[in-house]
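Residue-level listing of the chains:
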Amino acid sequence: MYYGMGYYGFMWDPTYYLVIIGMLLCLGASALVNSTMRKYARVRNMSGITGAEAARRILNNEGLYNVQIECLSRGSGDHYDPRTNTVRLSQQNYNGVSVTAVGVAAHECGHAIQHAKGYAPLSIRSTLVPVVNISSTLGIPLILLGVLLSWNQTLIQIGIWAFALSVLFQLVTLPVEFNASRRAVQKVEQYGLLTSVENAGCKKVLTAAALTYVASAASSILQLLRLVLLFGGNRRRDD
C-alpha cells in the first residue's frame, strides 16, 4: 500500500516542496524578528521608561486601570490574558528600557484595548481556542489512523477538517495581531513614550513580529494543501 510517503520507507514525494517552502518562510520570518528585536533591544530609549512602565501608562491613559501587569518568572512568551485581564511580559521586556521592550509591552496593551472595546476578530479567536486546542492535536493522528484502517475516508476527512480549523485560527489571528501592533504604534506616539526616531525602530520591531504570524499561516495553508493532495481522494491507494 502506498501512503504518499514511499513504500514503508522514505521516498521523495513532490508534495515535500510544500513543506520545504513552509519551513523556509518560517525560518526566514523567525530570523528577521530575532535580528530586529535583538538590534533594538540594545537601543535604550531616551526617557528611560521600562516596558512595565510604558504598559501602565498606556493602560491608565486608556482607562484600563483594572488590567494588571505581571512579570513572567522565566522565559519569554509575552502575552495578554483576557481571562484575567493581565498583560504578562518577559523579564527583559518588563524591566528593560529598550525600544524593543516598550514596543512589545505596547503591543500586548493593544490586545487589552481590543478586549475592552470588543474587537470582533479577538472575540472570534477566543471562541475558537478550546475547539482548536482539540482539533490541532487530533488532526494528523486521525488522518494517519484512517490510512492505517484501509484508507477509511471518514476518519481521514475528519482529520483534514480538524487540521483546517487550526489553519482558520491562524488566519483569524492575523488581523488581531496586526491591529494590536497598529494600536501600539499609535499609543506610543500619542503618549510620547518614544522619540520620533525610536518610534521608527518600534514600528520595525512590531512589523517583523507580525511577519512571523504571516509565515506561520502560509506554512499551515501549504501543509493543509499537502494533506488534501495526499489523503483527500475518495479511493484506497494500493501498490
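The residue numbering used here restarts from 1 in each chain and proceeds along that chain's sequence as written. The model is predicted, so local features are restricted to residues of pLDDT at least 70 and side-chain atom pairs to those at 80 or more, both for listing and for counting; the totals for chains, interfaces and linings are taken over all residues. Side-chain measures here rest on the full set of heavy atoms in the structure, leaving out hydrogens and waters.

> Quick question: what am I supposed to make of the UniProt feature "transmembrane region" (unreviewed entry) in the protein chain here?
UniProt positions are given in the numbering used here, feature names are shortened, and annotations may be inferred rather than shown by experiment. Following the UniProt record, the feature "transmembrane region" (unreviewed entry) maps to residues 15-34, 127-149 and 155-174 here. Counted over residues 15-34, helix gives 95% and strand 0%. Its end C-alpha atoms are 29 Å apart. Counting from the N terminus, the helices are the DSSP runs of H or I reaching at least four residues and the strands are the DSSP runs of E reaching at least two. In residues 155-174, helix accounts for 100% and strand for 0%; the two terminal C-alpha atoms are 30 Å from one another.

> Even after reading the chapter, I still don't get the nonpolar core, so can you show me in this structure?
To qualify as a nonpolar core, a set must consist of buried Ala, Val, Leu, Ile, Met, Phe, Trp, Tyr and Cys residues joined through side-chain atoms within 4.5 Å. Think of it in three bands: residues with accessible area under 20% of the maximum for their type are buried, residues over 50% are exposed, and the middle band is partly exposed, with areas taken using a 1.4 Å probe on protein chains only. Among the nonpolar cores identified, the biggest contains 29 residues, and Ile58, Leu59, Val67 and Leu193 are the most heavily contacted of them. Put simply, the parts of the chain that give this core at least two residues each are α2 (51-61), β3 (86-89), α4 (99-117), α6 (153-190) and α7 (196-231). Among the elements that make up this core, the one with the highest residue count is α4 (7 residues). Throughout, a residue-residue contact means that at least one pair of heavy atoms, one from each residue, lies within 4.5 Å. The residues contacting Val67, other than those within four sequence positions of it, are Arg56, Leu59, Tyr80, Asn85, Thr86, Val87 and Ala112. In this structure, Val147, Val167, Leu227 and Phe231 belong to the second largest nonpolar core, which totals 11 residues.

> It is not clear to me how the sheet that holds β3 should be interpreted in this structure. Could you clarify?
Remark on secondary structure: sheet strands pair via backbone hydrogen bonds, oriented parallel or antiparallel. Sheet architecture is open: 3 strands sit in the order β1-β3-β2, paired in mixed fashion. If you trace the sheet from one side to the other, it starts and ends with β1 (68-71) and β2 (79-81), each paired once. Within this sheet the neighbouring strands show an average axis-to-axis angle of 25°, counted without direction. The axes used here are C-alpha line fits, helices contributing only the stretch in contact, and every angle between their N-to-C directions lies in the interval 0 to 180 degrees. Where α2 meets the sheet, its contacts fall on β1 and β3, and the angle it forms with β1 comes to roughly 170°. Contacting β2 and β3, α4 runs over the sheet at an angle of about 25° to β2. Two strands pair if DSSP finds at least two bridges between them.

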